[in-house]
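Architecture and fold: a report
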Amino acid sequence: MLESGSTLPRRQLGRYLREERSALGMSQEQVARLADVSSSVLQRLERGIPTRLKVRDLQAICEVLEMSGDMATAMVGLLRQAVEKSWWHEYGSLIPANFDVYVGLESAARKLTTYQPALVPGLLQTPDYARALIRAVKPGETAAEHERRVELRARRQAAVTRRHQPITLDVVLHESALRCSVGGPGVMAEQLRHLAEIGKLSNVSVRVLPFSAGAPVGDPVGQFAILEFGEDAKGEPVWPPVVYLETFIGCMYLEKDDDLERYDRVLETLRQASLDEATSRSLLRQVTKEFST
């Protein structure tokens, strides 16, 4: 399969293959020999470069890397997804529903800019806030499974507070997200205090779009995130930025220049209509007191 469409699935595929190979302590030459593919093909795969590859060859590579059945299925799904410039990922279609494509993308990002109209973004959620959402989304799971998901979310958040190259996080929250009671007043008070404090970090910006701003874009704007992946030694982007849109049944990844420019314009409009960081913290503390009384 010659992939000439989206760079994103190719990059993710290459990243997972590279990480699994490194975890096993194997060289590219060893994996290629055992899977009966050329080392140049595996090298191109790991770098996210378009290459001709049959599904059965990728399955052989996954077997050598001792990937689980679901993981191997996800890798094949990523290979097949890379035929469109922007792509729609329906949960459970091609890629198993329990394989989170976005989390892998997020972990590679150097900057994440997001607008959230109703909920606090995952990277800034407190454990109790996350737990309440997870229980609502996954009512059929056990308490132990819920806790595992809470722990995984907490691990993702380490990217915000780590000392070495923490991710730059730029968040615009609609005031609705502050007043939507998730988990009850006590949980919300703790969550809003956390937002006010973490927004003081040099790599984190939290702004609130107040009710008084009305509809600054004119059209309804759902949640979105723009992920950027840093620059190389020449100042060029390591990977092109991506706009991520999430819905109830799936998510969209946009890479076209026109789409990126449109969301950049929308984001700038939302920023201009939002409170500055200091005033946003004041509002967060005010609403915290309301939940605490």
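Here the structure is a predicted model, which means the values were calculated and not measured.

So, the nonpolar core
If you look at the biggest cluster of nonpolar residues, it comprises 68 residues, and the most contacted ones within it are L58, I61, M75 and Y253. Ignoring any residue separated from it by four or fewer positions in sequence, one finds L58 in contact with L13, L17, L53, M75, V76 and L79. Core analysis: the next-biggest nonpolar cluster, separate from the first, contains 13 residues, V172, V243, L260 and L267 among them.

Structural notes on the packing of aromatic side chains
If you walk through the whole model with that rule in mind, you get four aromatic pairs. Clustering of aromatic rings is evident, with ring pairs tying together Y115, F224 and Y263. Lying across the ring of F229, R11 places its NZ or CZ 5.2 Å from the centre. If you follow R15 out to its NZ or CZ, it ends over the ring of Y16, 5.4 Å from the centre.

Focus on helix α4 (residues 55-64)
Considered for burial, the residues of α4 that qualify are V55, L58, I61, C62 and V64. Positive phi appears at E66, one or two residues downstream of α4, with a value of about 60°.

A word on the pattern of salt bridges
Tallying each qualifying case throughout the model produces 13 salt bridges. As a salt-bridge pair, K200 and E197 come within 3.3 Å of each other at their nearest N and O atoms. What makes E197 partly exposed here is its relative accessible area of 45%. Each member of the salt-bridge network shares a partner with another, and the members are D128, R131 and E147.

A word on unusual backbone geometry
A negative phi angle characterises most non-glycine residues, just as the trans form characterises most peptide bonds. In this structure, E66 is a non-glycine residue whose phi angle is positive, near 60°. You can see E66 is positioned in the loop between α4 and α5 (69-81). Taking the relative accessible area as the measure of exposure, E66 reaches 62% and is therefore exposed. A positive phi angle is found at Q165, which is not glycine, with a value near 45°. Within the secondary structure layout, Q165 lies in the loop between α8 (143-161) and β3 (168-174).

Structural notes on the packing of helix α7 (residues 127-137) against α8
At a minimum axis distance of 9 Å, the contact between α7 and α8 shows a crossing angle of 130°. As the angle between them shows, α7 and α8 are arranged oblique. Crossing handedness for the pair α7 and α8: right-handed. Judged by residue contacts, P127, A130, R131, I134 and R135 of α7 engage H146, E147, R149, V150 and R153 from α8. The class makeup of the residues in the contact of α7 with α8 is four nonpolar, one polar and five charged.

Concerning the pairing of β3
Counting buried positions along β3 gives six out of seven residues, so the element sits mostly inside the fold. The pairing of strand β2 (residues 111-116) with β3 spans six bridges and is classified as parallel. Among the inter-strand pairings, L112 is bridged to a residue of β3, identified as L169.

Details of the pairing of β2
The buried fraction of β2 amounts to five of the six residues, a majority that puts the element mostly inside the structure. Sheet analysis places β2 next to strand β5 (residues 224-228), joined by five bridges and oriented antiparallel. Each bridged residue has a counterpart across the sheet, and for T113 the counterpart in β5 is I226.

Some words on the packing of helix α10 (residues 185-198) against helix α12 (residues 277-292)
Orientation of α10 relative to α12, taken along the N-to-C sense of each, is 160°, at an axis distance of 8 Å. By the angle between their directions, the pair α10 and α12 is classed as roughly antiparallel. When the axes of α10 and α12 are compared, the crossing they make is left-handed. Side by side, α10 and α12 meet where P185, M188, A189, L192, R193, L195, A196 and E197 of the first sit next to R281, L284, R285, V287, T288, F291 and S292 of the second. For the contact of α10 with α12, the class distribution of residues is nine nonpolar, two polar and four charged.

Conventions used here
Residues numbered from 1 in each chain as written. Predicted model: local features only at pLDDT ≥ 70, side-chain atom pairs only at ≥ 80, totals over all residues. Heavy atoms only, no water. Core = buried A, V, L, I, M, F, W, Y, C linked by side-chain atoms within 4.5 Å. Buried < 20%, exposed > 50% of the residue type's maximum accessible area, 1.4 Å probe, protein only. Contact = heavy atoms within 4.5 Å. Phe/Tyr/Trp six-rings, centres within 6.5 Å; stacked < 30°, edge-to-face > 60°. Lys NZ or Arg CZ within 6 Å of the ring centre and 35° of its normal. Helix = DSSP H or I, 4+ residues; strand = E, 2+ residues; numbered from the N terminus. Salt bridge = Lys/Arg side-chain N within 4 Å of Asp/Glu carboxyl O. Axes fitted to C-alpha atoms, helices over the stretch in contact; angles between N-to-C directions. Parallel < 35°, antiparallel > 145°, perpendicular 65-115°, else oblique. Left-handed = near helix turned anticlockwise from the far one by under 90°. Nonpolar A, V, L, I, M, F, W, Y, C, P; charged D, E, K, R; others polar. Pairing = 2+ DSSP bridges.

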